[in-house]
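The primary structure of each chain is shown beneath.
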Amino acid sequence: MAKIIVITSGKGGVGKTTTSASFATGLALKGYKTVVIDFDVGLRNLDLLMGCERRVVYDFVNVINKEANLNQALIRDKRSDKLHILPASQTRDKDALTVEGVEEVLNELKLSFDYIVCDSPAGIEHGAFMAMYFADEAIVVSNPEISSVRDSDRILGLLSSKTKRAVEGLEPVKEHLLLTRYSPERVEKGEMLSVDDVKDILSLSLLGVIPDSQDVLTASNQGIPVIMNNDSDAALAYNDSVDRFLGDDVPIRFTNTRKRSFLGKLFGRK
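Residues numbered from 1 in each chain as written. Predicted model: local features only at pLDDT ≥ 70, side-chain atom pairs only at ≥ 80, totals over all residues. Heavy atoms only, no water.

Enquirer: Is there a simple way to think about the side chain of Ser142 in this case?
Expert: Within the secondary structure, Ser142 sits in strand 6 (residues 137-142). Leave out the neighbours within four places in its chain, and Ser142 touches Ser148, Val149, Ser152, Leu177, Leu178, Leu179 and Thr180. (Helix = DSSP H or I, 4+ residues; strand = E, 2+ residues; numbered from the N terminus. Contact = heavy atoms within 4.5 Å.)

What follows is the structure in structure tokens.
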């Protein structure tokens, strides 16, 4: 049975779409048939990060409105034949997403895929509600700063009260925490919350810690999910997070400052 995962947060700019692209790619590279859906109607950035923006002909709203079928709208990823992208519309309003329409599309996707990853817009507006409503599991993305963590706590309240599972009294949505743009050096200086601080505030199981890295921006500009960059710490952290999601016991990395050697200190090397 296909599992629906929502990638969500309360605050914008924390790395949801980056996470959606890398997480979906990671699942596909491990052999699972995966589709990632852009719920950010009106903006549409997922296709840019996946490097398929020029291949978009039909979108999510076209399928809901019966203007195209699912096969016409799905884009097969060039790097993995087990990964597909369902882009959002740039020209419609978020109200174009309806509970009935989204459910119908998800039910059809469940027939062909192992995982359905829903890339949510920021905040608590209609598109975000649609992205989380049918979720089985949620990855709550947060930066280690108090405003981001506070907004994430608000999202947890919605996941526990406004989703289909909550409404129907079913087993709750399984929640995971993913910390992004983490810098141990800034934590030591008191400029950023620590992993333990965030865990204490949100009381969530930690899925992963993604280090602050220029590689993320570089990969986004190239239209390549950063998880594909085998030389990047961010890619390794995303890969670890996918492994943990799948049940592997993988230690958390990139939470401590790197110690410099004697020669490094002598010559001022980082």
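Read on, since the account is not over.
Enquirer: Would you explain the pattern of salt bridges in this entry?
Expert: One side chain can pair with another of opposite charge once the charged atoms of both are near each other. Here the structure, examined in full by the defined rule, presents 11 salt bridges. Between Lys30 and Asp243 there is a salt bridge; the shortest N-O distance is 2.9 Å. In this pair, Lys30 is assigned in the loop between helix 1 (16-29) and strand 2 (34-38) and Asp243 in helix 12 (residues 233-245), connecting sequence segments 213 residues apart. Residue classification places Lys30 among the partly exposed positions, given a relative accessible area of 34%. Residue classification places Asp243 among the buried residues on the basis of a relative accessible area of 14%. Across the pair Arg44 and Asp47 runs a salt bridge whose closest N-O atoms are separated by 3.4 Å. With relative accessibility at 12%, the residue Arg44 sits in the buried group. (Salt bridge = Lys/Arg side-chain N within 4 Å of Asp/Glu carboxyl O. Buried < 20%, exposed > 50% of the residue type's maximum accessible area, 1.4 Å probe, protein only.)

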